[in-house]
Amino acid sequence: MKLKPLVLACSVLFAPVSWAQTAAPTAPAPTTAEAEQFVHDAEAKLEQAGIRAQRAEWVYENFITDDTESITAEQAEQMLTISGDLALQARRFNGVPVSEASARKLQQMQLTLMLVDPTERAAYARIAASMSGSYGKAKYCFKKDDPKSCLPLGELEKIMATSRDPAKLKETWLGWHSQSPAYKDDYAKYVELSNKGAVQMGFADTGALWRSNYEMTPEQFEAETERLWQQVKPLYDSLYTYTRHQLQKTYGDKVVPSTGPIPAHLFGNMWSQTWNNLYPILKPAGLSSSYDLSKVLEQRKVTPEQMTGYAERFYTSLGMEKLPATFWQRSLLTKPKDREVVCHASAWDIDTQTDVRIKMCITPTAEDFTTIHHELGHVYYFMAYRDKDAMFRNGANDGFHEAIGDTVALSVTPEYLKKVGLRDTLPTKEQEIGTLLNKALEKVAFLPFGYLVDKWRWEVYSGKVKPADYDKAWWELRQQYQGISRPAPMEANGFDAGAKFHVASDTPYARYFLADILQFQFHRALCKEAGYTGPLNRCSIFENKKAGEKFQAMLKMGSSKPWTEALKTITGEDKMDATAILDYFAPLKVWLDEQNAQFEKTAKK
Ligand code: X8Z
Ligand code: ZN
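- Identification of the protein as Peptidase M2 family protein from Sapientia aquatica is taken from an unreviewed UniProt entry.

Right, here's the structure in full:
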């Protein structure tokens, strides 16, 4: 999602030093009326600055040029100036009795960076724009002096997804990862500036600021994410062990060792974050031909507009409105041939009213079919909370925003695909485990990656990890949590973490880990609301208006209430809880453990 909420790290700021100096402790305490007026005015200013910054960013990411880069950096800098100034002023009203809504807004306004020095502010905004542009434009050339051999990320990802040649995979992986060192120094400088801004606002560092976004202390948030990880770790371990055995069958034990980490280039994905592209080689032995959504979409030449139409129809089947005409006119759905764009999928709430858009280079694959539901989840959240006050037009927390579309995509079951004509037959009893395995390769495989990206950034921002150790720390975490290793020895001054979009664009990542847990909680609750009683992994809420109403009730709240209340509205629970994802995959866990025990036995013989 693009959505760079006004209160997040990307919108950094400043406060005039003179103001800070005049805020003497002896100044008379402001009145309630003054505080309410301040909140009212500040909200309007933030809204306007946010819209200007969004528009500039939209143009930049759709037409990457030196000029659009400058324009977006200028707008981002102005946004920082305004939000920083307001954040500092807001402090003056802390403790003044105000309405519950205003108290919430005052608090949110202060969850931001504040860079006092205008030169530093400009540098911060410039580096941010330049890094996402560099990421968007990056290409790897397979032959040094042959421009035709230069491929953008989308093409490199295709190779990672489909090739089974370890040498080709390794070269492609290394090729993409050789792009990010170009902006490593910029990143290190950016971290320094960002930290300055966090400290000036009273946080220990930017990581602590990010972790303060969940209505608990940064320490509590860290403990909370660790608790969730421990809940799901046994399931990940079972999937990982099974995957190792199957990969060994394909590549042999010279490429895939029997113990220790598995090289990262073998998982069908540039970051080894989802493994479903490996399904053809991981599918249960002896399973007769299995259904492949990518093949169907490709053979039928389903267009990006049609892919988006399928997703839209899912949302309208729940009783939600149709996408506005401007969505179709203004969104970017196909990768343009004539210019550089940031292809990483995103959703935009341009004017926080009806001008909603997405930007995505859609291809007819199962992966993009899921992603288009994900992006429309953001868009339907934007539309649901548009009547709220400007500062509440946001997700209950950022994990909620990421979970909406994924929750809907969990309802893209074989039965659903058959209903909409994308599948002729339903899986047989034996094939069902394959369907579930495929889902796990997407959702369970993602968990440690979703967790570790920000674990790494928390260490970087806290200063525990210095630029010289970026890669060392990155690979320690990759090995510890994912059980994977770099395909080749680390390089001097490498920057592998920077080869991930969210690092280059400084987008927090813990949100996706939370979303991976939350979407199953939402799915379980909505299926119950729909009166469904069968296994969770077969439930689809398609066309169920009752479930749709419940969903919509939560979406409409935006961030006007604590996220625990939003969670309660939909699930009746007030805690994030991994039992739903465990329930969903329970039959698979049993099956994986049986398979793994079988492998063990054979190995011992
Ligand atoms: O970045 C995204 C979305 C846009 S918010 C496409 N995702 C993460 C990623 O690609 O790494 C969705 C899942 C995780
Ligand atoms: Zn998203």
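Here the narrative resumes, following the displayed structure.
Side note on the coordination of the zinc ion (ligand 2)
Then comes step 1: Here the zinc ion (ligand 2) is held by the protein donor atoms His374 (NE2), His378 (NE2) and Glu402 (OE), which lie 2.1 Å from it.
Then comes step 2: Given four donor atoms and angles of 90 to 133° at the metal, the environment of the zinc ion (ligand 2) is assigned as tetrahedral.
Then comes step 3: All donors to the zinc ion (ligand 2) come from one chain, and their sequence spacing reads H-x3-H-x23-E. Here the residue His374 and the residue His378 both occupy positions in helix α15 (residues 366–384), the gap between them amounting to four residues, near one helical turn.
Then comes step 4: With a relative accessible area of 11%, His374 lands in the buried category.
Then comes step 5: Residue classification places His378 among the buried positions, given a relative accessible area of 0%.

A closer look at the state of the cysteines
Then comes step 1: Counting across every chain of the model gives three disulfides.
Then comes step 2: Sulfur-sulfur distance for the disulfide between Cys141 and Cys150 comes to 2.0 Å. On the sign convention where negative is left-handed, the bridge of Cys141 and Cys150, at about 100° about the S-S bond, is right-handed.
Then comes step 3: For Cys141, a relative accessible area of 27% corresponds to the partly exposed category.
Then comes step 4: Among the residues examined, Cys150 registers a relative accessible area of 19% and is labelled buried.
Then comes step 5: A sulfur-sulfur separation of 2.1 Å characterises the disulfide bridge that pairs Cys527 with Cys539.

Some details on the packing of aromatic side chains
Then comes step 1: One pass over the full model with this rule turns up 45 aromatic pairs.
Then comes step 2: Pairing Trp456 with Tyr470 gives two aromatic rings, centres 5.4 Å apart and planes at 70°, and the pair type is edge-to-face. A residue pair is termed long-range when its members are at least 10 positions apart, and Trp456 in helix α18 (residues 429–462) and Tyr470 in helix α19 (residues 470–482) qualify at 14 residues. Assigned by exposure class, Trp456 and Tyr470 land together as buried.
Then comes step 3: Their ring planes at 55° and their centres at 5.7 Å tell us that Phe520 and Phe585 sit as a pair that is tilted. Residue Phe520 is located in helix α21 (residues 510–529), and its partner Phe585 is located in the loop between α24 (579–584) and α25 (586–604); the two are separated by 65 residues in the primary sequence.
Then comes step 4: An aromatic cluster is present here, built from Tyr183, Tyr187, Phe446, Phe449, Trp456, Tyr470, Trp474, Phe495, Tyr509 and Tyr512 joined pairwise through their rings.
Then comes step 5: The ring of Tyr291 has Arg423 lying over it, and the distance from NZ or CZ to the ring centre is 4.1 Å.
Then comes step 6: The positively charged end of Lys500 is found above the aromatic ring belonging to Trp271, 4.2 Å away from the centroid.

Details of unusual backbone geometry
Trans peptide bonds make up most of the peptide bonds, and negative phi angles are found at most residues other than glycine.
Then comes step 1: Phi at Thr352 takes a positive value of approximately 55°, unusual for a residue other than glycine.
Then comes step 2: Topologically, Thr352 is positioned in the loop between β4 (346–349) and β5 (356–359).
Then comes step 3: Accessibility expressed as a relative area gives 17% for Thr352, which makes it buried.
Then comes step 4: Phi is positive for Glu543, which is not a glycine, with a value near 65°.

Details of the UniProt feature "binding site: chloride" (unreviewed entry) in the protein
Then comes step 1: Taking the UniProt record as the reference, the feature "binding site: chloride" (unreviewed entry) is found at Tyr214 and Arg511. The greatest C-alpha distance among the residues just named is 10.3 Å, despite their covering 298 residues of sequence, which places them together in space.
Then comes step 2: Topologically, Tyr214 is positioned in the loop between α9 (206–211) and α10 (218–251).
Then comes step 3: When near neighbours in sequence (up to four residues on either side) are disregarded, Tyr214 contacts Phe221, Asn397, Asp398, Arg511, Leu514 and Trp563.
Then comes step 4: Looking at where Arg511 falls in the secondary structure, it is placed in helix α21.

Considerations on the pairing of β5
Then comes step 1: Both faces of β5 are covered, namely the face carrying Val356 and Ile358 and the face carrying Arg357 and Lys359.
Then comes step 2: Relative to β5, β4 runs antiparallel, the two sharing four bridges. The residue bridging Asp349 from the neighbouring strand is Val356, located in β5.
Then comes step 3: Counting the residues in the hairpin turn of β4 and β5 gives six residues, including Thr352, whose phi is positive at 55°.

Focus: the pattern of salt bridges
Then comes step 1: Applying the stated criterion across every chain, the model contains 36 salt bridges.
Then comes step 2: For Glu61, the salt bridge identified is with Lys359, shortest N-O distance 3.3 Å. In this pair, Glu61 is assigned in helix α2 (residues 32–62) and Lys359 in strand β5, connecting sequence segments 298 residues apart.
Then comes step 3: On the basis of relative accessibility, which here comes to 2%, the residue Glu61 falls in the buried class.
Then comes step 4: Ionic pairing is found between Glu573 and Arg524, a salt bridge with its closest N-O pair at 3.6 Å. Of the two residues, Glu573 sits in the loop between α23 (563–571) and α24 while Arg524 sits in helix α21, which places them 49 residues apart along the sequence.
Then comes step 5: One salt-bridge network, in which partners are shared between bridges, spans Arg55, Arg330, Asp355 and Arg357.

Points about helix α13 (residues 304–317)
Then comes step 1: Over its 14 residues, α13 runs 20 Å from end to end, which matches the ideal 20 Å to within 8%, given 1.5 Å per residue.
Then comes step 2: Burial analysis of α13 places 10 of its 14 residues in the buried class, the great majority of the element.
Then comes step 3: All buried positions along α13 are accounted for by Pro304, Met307, Thr308, Gly309, Tyr310, Ala311, Glu312, Phe314, Tyr315 and Ser317.
Then comes step 4: Among the structural elements, α12 (293–299), α14 (325–330), α15, α16 (398–410), α17 (414–419) and α22 (545–557) are those in contact with the buried residues of α13.
Then comes step 5: Of the residues flanking the end of α13, it is Gly319, one or two places downstream, whose phi is positive at about 100°.

Each value, and the rule that gives it
- Residues numbered from 1 in each chain as written.
- Chains lettered and ligands numbered in written order.
- Predicted model: local features only at pLDDT ≥ 70, side-chain atom pairs only at ≥ 80, totals over all residues.
- Heavy atoms only, no water.
- Donors = N, O, S within 2.8 Å, 3.2 Å for Na, K, Ca; no water.
- Tetrahedral: all angles 85-135°; square planar, octahedral: opposite > 155°, others 65-115°.
- Helix = DSSP H or I, 4+ residues; strand = E, 2+ residues; numbered from the N terminus.
- Buried < 20%, exposed > 50% of the residue type's maximum accessible area, 1.4 Å probe, protein only.
- Disulfide = S-S within 2.5 Å.
- Phe/Tyr/Trp six-rings, centres within 6.5 Å; stacked < 30°, edge-to-face > 60°.
- Lys NZ or Arg CZ within 6 Å of the ring centre and 35° of its normal.
- UniProt positions renumbered as here; feature names shortened; annotations may be inferred.
- Contact = heavy atoms within 4.5 Å.
- Pairing = 2+ DSSP bridges.
- Salt bridge = Lys/Arg side-chain N within 4 Å of Asp/Glu carboxyl O.
- Expected span 1.5 Å × (residues − 1).

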